[in-house]
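Descriptive analysis of the structure
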Amino acid sequence: MDSKTKRYYAENNPFIWINRICDYSRADTLLQFLKSANKHGLKVEAFRVERIEKDLESLKDLDFTDGKKDISAVMARLEYNLTKAFLRYTAGLDYGFVNPDNLYNNFEKYEVDSVTSRFRQLCDLKVQRPKDAFYEMAINKVVNDSLSEFLNEVQPKSFLYKKLAHRLAEGNITNKGRVKTICNMERCRWKTRTLPVPDACEKHVVVNIPSFSLRAFDKTSGQKLFLRIGCGTVEHKTPLLSSRITRMDINPQWIVPKSIAKGFVYDYSYMHRMGMFIFDKKLGKLPPESSSYSKIMSGEQYIIQAGGSKNSLGRIIFRFDNNFSVFLHDTSSPWLFQRSRRAVSHGCVRVDKPAELAMFLLADKNEKIVEKLNYSMTMPFVNDNDSLTKKKVDKSKIINSLSVKPSVPLFITYYTVYYDDSDKLTEYDDVYGYDEPLMQKLAVIVE
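Looking now at the overall build of the chain. Helices and strands together make up the secondary structure of the chain, namely 15 helices and 18 strands. Taken over C-alpha atoms, the radius of gyration comes to 28 Å for the chain, far larger than the 22 Å a tight globule of 447 residues would show. Overall size of the chain, expressed as C-alpha extent along the three principal axes, is 100 × 55 × 40 Å. Per-residue burial over the chain gives 50% buried out of 447 residues. Counting contacts in the chain only where the partners sit at least 6 residues apart, residues at least 24 apart contribute 68% of the total. Roughly 22300 Å² of accessible area belongs to the chain as shown, and the carbon and sulfur atoms make up 50% of that amount.

Glancing now at the confidence of the model for the chain. Regions with low pLDDT should not have their predicted coordinates read in detail. Here the chain shows a mean pLDDT of 92. Residues at 70 or above account for 96%. Predicted confidence is poor over residues 383-390, with pLDDT under 50, and the contacts of this stretch with residues over four places away or in other chains come to 26 contacts.

Following the criterion strictly, the structure yields 22 salt bridges and no others. With its nearest N and O atoms 3.4 Å apart, the salt bridge here joins Lys 397 to Glu 371. Pair noted here: Lys 397 is in the loop between helix H14 (367-376) and strand E16 (401-413) and Glu 371 is in helix H14, with a separation of 26 residues, a long-range link.

The strand order across the open sheet formed by four strands is E8-E11-E9-E10, and the pairing between neighbours is antiparallel. Only two strands of the sheet have a single neighbouring strand rather than two, namely strand E8 (254-255) and strand E10 (284-286). Sheet analysis places E8 next to strand E11 (residues 301-305), joined by two bridges and oriented antiparallel. Note that in E11 the partner of Ile 255 across the bridge is Ile 304.

Turning our attention to the packing of helix H2 (residues 25-35) against helix H4 (residues 71-95). One can describe the packing of H2 onto H4 by two numbers: an axis separation of 11 Å at closest approach and a directional angle of 50°. When the axes of H2 and H4 are compared, the pair comes out oblique. For the pair H2 and H4, the sense of crossing is left-handed. Contacts between H2 and H4 involve Ala 27, Leu 30, Phe 33 and Leu 34 on the former and, on the latter, Leu 82, Ala 85, Phe 86 and Tyr 89. When grouped by side-chain class, the residues that make up the contact of H2 with H4 number eight nonpolar, no polar and no charged.

Cut-off values and rules
- Residues numbered from 1 in each chain as written.
- Predicted model: local features only at pLDDT ≥ 70, side-chain atom pairs only at ≥ 80, totals over all residues.
- Heavy atoms only, no water.
- Helix = DSSP H or I, 4+ residues; strand = E, 2+ residues; numbered from the N terminus.
- Rg over C-alpha atoms; globule rule 2.2 N^0.38 Å.
- Buried < 20%, exposed > 50% of the residue type's maximum accessible area, 1.4 Å probe, protein only.
- Contact = heavy atoms within 4.5 Å.
- Areas by Shrake-Rupley, 256 points an atom, 1.4 Å probe, with all protein chains shown as cover.
- pLDDT = per-residue confidence, 0-100.
- Salt bridge = Lys/Arg side-chain N within 4 Å of Asp/Glu carboxyl O.
- Pairing = 2+ DSSP bridges.
- Axes fitted to C-alpha atoms, helices over the stretch in contact; angles between N-to-C directions.
- Parallel < 35°, antiparallel > 145°, perpendicular 65-115°, else oblique.
- Left-handed = near helix turned anticlockwise from the far one by under 90°.
- Nonpolar A, V, L, I, M, F, W, Y, C, P; charged D, E, K, R; others polar.

See the structure below:
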């Protein structure tokens, strides 16, 4: 942001704030906003307010008679500081001061081999960042006397941001709570390139990791959902992302990851009991006894768990495009939702009461589809493998997949101050330790 100011004047562009008729009303307007920067958790000092005020006072009073101040130097400094403060303030409030994709994708190293290490990709929010067009537009707003209007436009307006700002203004929170609040105000300033902010979506789903919760809202019907979720462990963090839920698969098969499969490659009784089989790229479907550790590790074979109540994905999975192969899904271990801390998975999000989420996502809720969905999610399997009980199953009622049309925006977020099930703001544990590196990046700008 600050580099834009240097480049503007290095290219000999005209002054924005200082003019021949000594009209400093634009500077006064900007100062009013800068002086209240602390309501956003920002340092007033970060915008050089005191220096700007002193130089502006000198110009207004023509206080140069003692020979200690050079009027040209004061005017140049004032012009530069006003532009720097203006662009820093407006770009920061409109886009955020930190790029989370850069921050969190350089957060956690993992070892590839004995000499090479890389950073885990933990974030794919695809946030908007201010481009040259934004800075040009911002300067034009000043020149064309639309400054006050523009400064109001860039104020964050999300419901959560306003609640966090109110919490900060009350001042009756601990220092730790204050830091958490400021971190989460910054997160509210991030906007993705691919989706509007949740408040602007007619229908949306928000998964928040620290609160282990899912909130869904449909403006048209007024329907709200608040569900418990389980997310990735600290070692297998659920990534932050935004996408659209496009499909629901009922009784999905699970391709067991190598990291898990290697633990029971030759435990045939366990695989039989859990409805698992081997898929060989050359030979096709095989019984568990045909498994080979080396072939599974090389990708020539896969251990696959057939659909059913014992399947680790549960009875339904909610699919959306992402670069991490993570999804929302049911679970065969519903007891985990009784825990307060539910960081338990390899990265996917496990959803309590998934049938309620499925109904929320359906645009067409006619009785036949609802009946088929409910039947498919509860129908019996033989030993939980892929053979249906012919006598007990009505195949005409079975649904394997349902499209979500229109697709529903999904946000996987990380707010350590967030709503509880009664819509009150609550502090949550920093499960993945994301607040501290964010606060370090914000240290220059925040109080």
